[in-house]
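Survey of secondary and tertiary structure
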Amino acid sequence: QQQVKQSPQSLIVQKGGIPIINCAYENTAFDYFPWYQQFPGKGPALLIAIRPDVSEKKEGRFTISFNKSAKQFSLHIMDSQPGDSATYFCKAGGNNRLAFGKGNQVVVIP
Amino acid sequence: DAMVIQNPRYQVTQFGKPVTLSCSQTLNHNVMYWYQQKSSQAPKLLFHYYDKDFNNEADTPDNFQSRRPNTSFCFLDIRSPGLGDAAMYLCATSRDNTYEQYFGPGTRLTVT
(Lines give C-alpha, C1' and ligand atoms only; values in the text may rest on other atoms or scores of the structure.)
Protein backbone atom coordinates (compact mmCIF):
# COMPACT_ATOMS: atom_id res chain seq x y z
CA GLN A 1 0.00 0.00 0.00
CA GLN A 2 1.63 3.17 -1.18
CA GLN A 3 1.00 5.95 1.27
CA VAL A 4 3.08 8.59 -0.48
CA LYS A 5 2.62 9.39 -4.16
CA GLN A 6 5.48 11.12 -5.90
CA SER A 7 5.40 12.89 -9.26
CA PRO A 8 6.63 13.31 -11.92
CA GLN A 9 8.57 10.08 -12.36
CA SER A 10 11.44 11.80 -14.13
CA LEU A 11 12.47 15.31 -14.97
CA ILE A 12 15.04 16.84 -17.31
CA VAL A 13 16.01 20.49 -16.92
CA GLN A 14 18.68 22.80 -18.21
CA LYS A 15 21.38 24.04 -15.86
CA GLY A 16 19.99 26.93 -13.85
CA GLY A 17 16.42 25.69 -14.13
CA ILE A 18 14.21 24.86 -11.14
CA PRO A 19 13.06 21.25 -11.08
CA ILE A 20 10.03 20.75 -8.85
CA ILE A 21 9.07 17.38 -7.44
CA ASN A 22 5.74 16.82 -5.76
CA CYS A 23 4.56 14.37 -3.13
CA ALA A 24 1.09 13.68 -1.78
CA TYR A 25 0.36 11.69 1.35
CA GLU A 26 -2.79 10.15 2.78
CA ASN A 27 -2.16 9.50 6.45
CA THR A 28 -2.91 12.62 8.50
CA ALA A 29 -0.84 11.18 11.35
CA PHE A 30 2.34 11.86 9.35
CA ASP A 31 4.23 14.79 10.84
CA TYR A 32 7.71 14.56 9.37
CA PHE A 33 8.47 15.03 5.68
CA PRO A 34 12.07 14.61 4.50
CA TRP A 35 13.60 14.48 1.07
CA TYR A 36 16.47 12.16 0.27
CA GLN A 37 18.97 12.40 -2.57
CA GLN A 38 20.47 9.23 -3.97
CA PHE A 39 23.30 8.90 -6.46
CA PRO A 40 23.83 5.63 -8.38
CA GLY A 41 25.45 2.97 -6.22
CA LYS A 42 25.11 5.02 -3.03
CA GLY A 43 22.70 5.05 -0.13
CA PRO A 44 20.08 7.80 0.16
CA ALA A 45 21.29 10.93 1.94
CA LEU A 46 18.99 13.19 3.93
CA LEU A 47 18.71 16.48 2.06
CA ILE A 48 16.11 18.57 3.85
CA ALA A 49 13.07 17.94 6.02
CA ILE A 50 10.00 19.83 7.20
CA ARG A 51 7.37 19.48 9.91
CA PRO A 52 3.74 20.64 9.54
CA ASP A 53 4.15 23.75 11.70
CA VAL A 54 5.81 25.65 8.83
CA SER A 55 4.85 26.05 5.17
CA GLU A 56 8.33 26.45 3.73
CA LYS A 57 11.90 25.62 4.59
CA LYS A 58 15.09 26.53 2.73
CA GLU A 59 18.53 25.01 2.97
CA GLY A 60 20.97 26.34 0.43
CA ARG A 61 19.49 25.82 -3.02
CA PHE A 62 16.87 23.35 -1.79
CA THR A 63 13.40 24.45 -0.67
CA ILE A 64 10.49 22.42 0.66
CA SER A 65 6.99 23.81 0.32
CA PHE A 66 4.32 22.24 2.50
CA ASN A 67 0.54 22.43 2.12
CA LYS A 68 -1.08 20.78 5.10
CA SER A 69 -4.68 21.13 3.93
CA ALA A 70 -3.87 19.55 0.57
CA LYS A 71 -1.60 16.96 2.19
CA GLN A 72 1.12 17.78 -0.31
CA PHE A 73 4.73 18.85 -0.17
CA SER A 74 7.26 19.61 -2.85
CA LEU A 75 10.98 20.01 -3.38
CA HIS A 76 12.38 22.89 -5.42
CA ILE A 77 16.00 22.89 -6.55
CA MET A 78 17.02 26.47 -7.26
CA ASP A 79 19.74 27.23 -9.81
CA SER A 80 20.10 23.52 -10.57
CA GLN A 81 23.52 22.16 -11.47
CA PRO A 82 24.61 19.00 -13.33
CA GLY A 83 25.85 17.67 -9.98
CA ASP A 84 22.25 17.70 -8.75
CA SER A 85 21.43 14.91 -11.22
CA ALA A 86 20.22 12.12 -8.94
CA THR A 87 17.15 10.28 -7.76
CA TYR A 88 15.10 12.12 -5.18
CA PHE A 89 12.82 10.34 -2.74
CA CYS A 90 10.21 11.95 -0.57
CA LYS A 91 9.23 10.28 2.64
CA ALA A 92 6.58 10.72 5.30
CA GLY A 93 6.90 9.69 8.92
CA GLY A 94 4.62 9.57 11.91
CA ASN A 95 2.53 7.26 14.05
CA ASN A 96 5.43 4.79 14.06
CA ARG A 97 5.26 4.51 10.29
CA LEU A 98 7.62 5.56 7.53
CA ALA A 99 6.62 5.62 3.88
CA PHE A 100 8.87 6.31 0.90
CA GLY A 101 7.70 7.78 -2.39
CA LYS A 102 8.71 5.85 -5.52
CA GLY A 103 11.47 8.27 -6.41
CA ASN A 104 12.03 10.84 -9.10
CA GLN A 105 15.02 10.89 -11.41
CA VAL A 106 16.23 14.41 -12.04
CA VAL A 107 18.68 15.09 -14.86
CA VAL A 108 20.27 18.53 -15.15
CA ILE A 109 21.75 19.17 -18.57
CA PRO A 110 24.84 21.42 -18.71
CA ASP B 1 33.85 10.21 9.48
CA ALA B 2 31.79 7.24 8.32
CA MET B 3 28.65 7.04 10.42
CA VAL B 4 26.84 4.01 9.00
CA ILE B 5 29.17 1.37 7.60
CA GLN B 6 28.14 -1.60 5.55
CA ASN B 7 30.27 -4.58 4.69
CA PRO B 8 30.87 -5.87 2.20
CA ARG B 9 29.98 -3.29 -0.43
CA TYR B 10 29.53 -6.02 -3.02
CA GLN B 11 28.56 -9.62 -2.29
CA VAL B 12 28.14 -12.47 -4.72
CA THR B 13 26.47 -15.63 -3.50
CA GLN B 14 25.11 -18.76 -5.10
CA PHE B 15 21.47 -19.65 -5.31
CA GLY B 16 20.47 -21.21 -1.99
CA LYS B 17 23.75 -20.45 -0.21
CA PRO B 18 23.24 -18.51 3.04
CA VAL B 19 24.72 -15.05 3.16
CA THR B 20 25.15 -12.45 5.90
CA LEU B 21 25.42 -8.72 5.41
CA SER B 22 26.67 -6.49 8.19
CA CYS B 23 26.05 -2.96 9.33
CA SER B 24 27.74 -0.93 12.02
CA GLN B 25 27.17 2.62 13.21
CA THR B 26 29.07 5.23 15.17
CA LEU B 27 26.05 7.45 15.83
CA ASN B 28 24.88 5.56 18.93
CA HIS B 29 21.38 5.53 17.49
CA ASN B 30 18.98 3.11 19.12
CA VAL B 31 16.99 2.27 15.99
CA MET B 32 18.45 0.31 13.09
CA TYR B 33 16.67 -0.57 9.85
CA TRP B 34 17.22 -2.89 6.92
CA TYR B 35 15.86 -1.98 3.51
CA GLN B 36 15.89 -3.79 0.19
CA GLN B 37 16.15 -1.64 -2.92
CA LYS B 38 15.78 -2.98 -6.42
CA SER B 39 16.73 -1.06 -9.53
CA SER B 40 14.72 2.14 -10.07
CA GLN B 41 12.54 1.46 -7.05
CA ALA B 42 12.13 3.00 -3.64
CA PRO B 43 13.77 1.29 -0.68
CA LYS B 44 11.48 -1.31 0.87
CA LEU B 45 11.61 -1.73 4.63
CA LEU B 46 12.28 -5.33 5.67
CA PHE B 47 12.48 -4.88 9.44
CA HIS B 48 13.92 -2.71 12.15
CA TYR B 49 15.22 -2.92 15.69
CA TYR B 50 14.07 -0.42 18.27
CA ASP B 51 16.72 -1.00 20.90
CA LYS B 52 16.59 -4.79 21.26
CA ASP B 53 13.01 -5.11 20.07
CA PHE B 54 12.71 -6.65 16.63
CA ASN B 55 9.94 -5.35 14.35
CA ASN B 56 9.25 -7.33 11.22
CA GLU B 57 7.28 -5.92 8.30
CA ALA B 58 4.25 -8.06 7.48
CA ASP B 59 5.36 -8.81 3.93
CA THR B 60 9.00 -9.63 4.66
CA PRO B 61 9.69 -13.24 3.63
CA ASP B 62 10.81 -15.70 6.31
CA ASN B 63 13.97 -16.15 4.27
CA PHE B 64 15.20 -12.86 5.72
CA GLN B 65 16.35 -12.73 9.32
CA SER B 66 18.21 -10.19 11.39
CA ARG B 67 20.39 -10.06 14.49
CA ARG B 68 21.47 -7.16 16.61
CA PRO B 69 24.09 -8.28 19.13
CA ASN B 70 24.69 -4.75 20.46
CA THR B 71 23.80 -1.11 19.79
CA SER B 72 26.44 -0.65 17.12
CA PHE B 73 25.98 -3.73 14.96
CA CYS B 74 23.15 -5.28 13.01
CA PHE B 75 23.21 -8.22 10.61
CA LEU B 76 20.97 -9.29 7.77
CA ASP B 77 20.87 -13.02 7.13
CA ILE B 78 19.39 -14.42 3.95
CA ARG B 79 18.96 -18.12 4.60
CA SER B 80 18.42 -19.36 1.05
CA PRO B 81 18.92 -16.58 -1.48
CA GLY B 82 16.92 -16.75 -4.64
CA LEU B 83 17.53 -14.93 -7.89
CA GLY B 84 14.81 -12.47 -6.90
CA ASP B 85 16.77 -11.44 -3.82
CA ALA B 86 19.45 -9.77 -5.91
CA ALA B 87 19.25 -6.14 -4.88
CA MET B 88 20.93 -3.33 -2.97
CA TYR B 89 20.54 -3.79 0.78
CA LEU B 90 20.56 -0.60 2.78
CA CYS B 91 21.09 -0.20 6.50
CA ALA B 92 19.83 2.93 8.22
CA THR B 93 19.76 4.30 11.76
CA SER B 94 17.75 6.87 13.66
CA ARG B 95 17.41 8.16 17.18
CA ASP B 96 14.13 6.99 18.74
CA ASN B 97 11.17 7.79 16.53
CA THR B 98 12.54 11.00 15.12
CA TYR B 99 12.31 9.44 11.66
CA GLU B 100 15.52 11.24 10.69
CA GLN B 101 17.31 8.31 9.14
CA TYR B 102 20.95 8.03 8.19
CA PHE B 103 21.73 5.47 5.52
CA GLY B 104 24.82 3.45 4.86
CA PRO B 105 26.28 3.12 1.36
CA GLY B 106 24.55 -0.22 0.81
CA THR B 107 25.63 -3.73 -0.11
CA ARG B 108 24.99 -4.83 -3.67
CA LEU B 109 24.01 -8.51 -3.59
CA THR B 110 24.30 -10.66 -6.68
CA VAL B 111 22.85 -14.17 -6.73
CA THR B 112 24.23 -16.57 -9.33
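Quick caveat, the model's predicted, so the values are computed rather than measured.

Residue and element names in this part refer to chain A. Under the counting rule described, the total for this entry stands at 6 salt bridges over all chains. D31 is paired through a salt bridge with R51; the nearest N and O atoms lie 3.9 Å apart. Remark: R51 occurs in the loop between β5 (45-50) and β6 (56-59) and D31 occurs in the loop between β3 (20-25) and β4 (33-38); sequence separation between them is 20 residues. For D31, a relative accessible area of 32% corresponds to the partly exposed category.

Time to look at the packing of aromatic side chains. Summed over all chains, the structure comprises 18 aromatic pairs over all chains. Residues A:F89 and A:F100 carry aromatic rings whose centres are separated by 5.9 Å and whose planes lie at 80° to one another, so their mutual orientation is edge-to-face. Within this pair, whereas A:F89 is found in strand β9 (residues 86-94), its partner A:F100 is found in strand β10 (residues 97-100), the two being separated by 11 residues in sequence. By relative accessible area, A:F89 is classed as buried at 2%. Pairing B:F47 with B:F54 gives two aromatic rings, centres 5.3 Å apart and planes at 50°, and the pair type is tilted. The exposure class assigned to B:F54 is partly exposed, which follows from its relative accessible area of 37%. Aromatic ring contacts, followed pair by pair, group A:Y25, A:F30, A:F33, A:W35, A:F66 and A:F73 into a single cluster.

What counts and how
Residues numbered from 1 in each chain as written. Chains lettered and ligands numbered in written order. Predicted model: local features only at pLDDT ≥ 70, side-chain atom pairs only at ≥ 80, totals over all residues. Heavy atoms only, no water. Salt bridge = Lys/Arg side-chain N within 4 Å of Asp/Glu carboxyl O. Helix = DSSP H or I, 4+ residues; strand = E, 2+ residues; numbered from the N terminus. Buried < 20%, exposed > 50% of the residue type's maximum accessible area, 1.4 Å probe, protein only. Phe/Tyr/Trp six-rings, centres within 6.5 Å; stacked < 30°, edge-to-face > 60°.

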